[in-house]
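Close look at the chain arrangement
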Amino acid sequence: MVKNQEDACSDPLRIRAHHILCMQGFHGIGYSREFTKNMTLITEKIRNNPSFFIKIIIGADSICKHCPHLSNGVCEMEMDSLKFISSMDVLVLKNLNMEAGSLISSAQIKTLTGNLSPKIVKEICGDCRWRNDCLYFQEKCLI
């Protein structure tokens, strides 16, 4: 198992695939004060440490920990027939040529997300409720 250098005992953070896009455009807006604080801490850690490793997953992650839609470790938005949230994860993995469980460094995240075309970003994020507040979506798609 890869360990993060800043703490030899620190395993990679588990981050759901679509959150690697969210982190690129995050600027302090979220579901609640607790969610926003947690997202800020995680995003800053990843942005400020290029060799920090994360494990890409589908499902609730370290960011979801304080989300009001998380119930017993499961996203309530996953319980409907549309499976909107996990479909975003699957699209991100597909378009980044990755599999769930992949380990990736912070530096690689920035490069990979930067290379996604506006068309792909619209496909992944087009129905997201945060797209009008997301700096990544605005930069990629509202040029």
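Not measured: the values here are computed from a predicted model. (Residues numbered from 1 in each chain as written. Predicted model: local features only at pLDDT ≥ 70, side-chain atom pairs only at ≥ 80, totals over all residues. Heavy atoms only, no water.)

1. Thoughts on the overall build of the protein
So the rule is basically this: Secondary structure follows DSSP: runs of H or I at least 4 residues long count as helices, runs of E at least 2 residues long count as strands, and numbering of each begins at the N terminus. In this description the radius of gyration comes from C-alpha coordinates, and the expected globular size is given by 2.2 Å times residues to the power 0.38. Exposure classes here rest on a 1.4 Å probe applied to the protein chains alone. A residue is buried below 20% of its type maximum, exposed above 50%, and partly exposed in between. Residue contacts are counted whenever heavy atoms from the two residues lie within 4.5 Å of one another. Throughout, the Shrake-Rupley method with a 1.4 Å probe supplies accessible areas, and for residues the shown protein chains are the sole cover considered. A positive count includes Lys and Arg, and a negative count includes Asp and Glu. His and the chain ends are not counted in either. To locate a charge, the coordinates of NZ of Lys, CZ of Arg, CG of Asp or CD of Glu are taken.
In terms of helices and strands, the protein carries six helices and five strands. If you list the helices and strands of the protein from N to C, you get β-α-α-β-β-β-α-β-α-α-α. The globule rule puts the C-alpha radius of gyration for 143 residues at 15 Å, and the 14 Å found for the protein is close to it. C-alpha extents for the protein along the principal axes are approximately 40 × 35 × 30 Å. The burial tally for the protein puts 39% of its 143 residues in the buried class. Counted over contacts in the protein with a minimum sequence separation of 6, partners at least 24 positions apart contribute 68%. Put simply, the protein shows about 8,100 Å² of open surface, and 53% of that area lies on carbon and sulfur atoms. Between the mean site of the 17 positive side-chain charges and the mean site of the 15 negative ones, the protein shows a separation of 2 Å.

2. With respect to helix H5 (residues 118-125)
Note the following rule: The arc in question is formed by the directions pointing from the helix axis toward the C-beta atoms.
Those residues of H5 lying buried are Ile 120, Val 121, Ile 124 and Cys 125. Burial along H5 is one-sided: seen end-on, the buried residues are contained in an arc of 110 degrees. As for H5, its buried residues are in contact with helix H1 (19-25), helix H3 (84-95) and helix H6 (135-141).

3. Brief notes about H3
Applied cut-off: Every helix has an expected span of 1.5 Å times one less than the residues it contains.
In this model H3 runs 17 Å from its N-terminal to its C-terminal C-alpha over 12 residues, within 8% of the 16 Å that 1.5 Å per residue would give. Asn 97 sits one or two positions beyond H3 and adopts a positive phi of about 55 degrees.

4. Points about the pairing of strand S2 (residues 53-57)
Just so we agree on the cut-off: Strand pairing requires that DSSP identify at least two bridges connecting the strands.
Relative to S2, strand S1 (residues 13-16) is paired through four bridges, and the arrangement is parallel. In the strand pairing of S2, Ile 15 is matched with Ile 56. In the sheet, S2 pairs with strand S5 (residues 103-105) via three bridges, with the strands oriented antiparallel. What sits directly across from Phe 53, in S5, is Ser 105.

5. A look at the packing of H3 against H5
Going by this rule: Structural elements are reduced to axes, namely lines fitted to C-alpha atoms, with helices fitted over the stretch in contact, and the angle between N-to-C directions of any two is expressed from 0 to 180 degrees. Roughly parallel covers angles under 35 degrees, roughly antiparallel covers those over 145, roughly perpendicular covers 65 to 115, and oblique covers all other angles. In this classification, the charged set is Asp, Glu, Lys and Arg, the nonpolar set is Ala, Val, Leu, Ile, Met, Phe, Trp, Tyr, Cys and Pro, and all remaining amino acids, among them Gly, are polar.
Where H3 meets H5, the axes come as close as 9 Å, and the angle between the chain directions of the two elements is 155 degrees. Classified by the interaxial angle, the pair formed by H3 and H5 is roughly antiparallel. Judged by residue contacts, Met 88, Leu 91, Val 92 and Asn 95 of H3 engage Ile 120, Glu 123 and Ile 124 from H5. Class assignment for the residues of the contact of H3 with H5 results in five nonpolar, one polar and one charged.

6. Regarding the nonpolar core
Keep this limit in mind: Throughout this description, the term nonpolar core refers to a set of buried Ala, Val, Leu, Ile, Met, Phe, Trp, Tyr and Cys residues connected via side-chain atoms within 4.5 Å.
Core analysis: the biggest nonpolar cluster contains 33 residues, and Ile 15, Ile 20, Met 23, Ile 46, Ile 54, Ile 56 and Ile 124 have the highest contact counts within it. When contributions to this core are tallied by element, the ones reaching two or more residues are H1, helix H2 (33-48), S2, H3, H5 and H6. Contact partners of Ile 54, with chain neighbours within four places excluded, come to Pro 12, Leu 13, Ile 15, Ile 20, Ile 46, Ser 102, Leu 103, Ile 104 and Ile 109.

Geometric descriptors of this kind do not, in isolation, establish any biological role.
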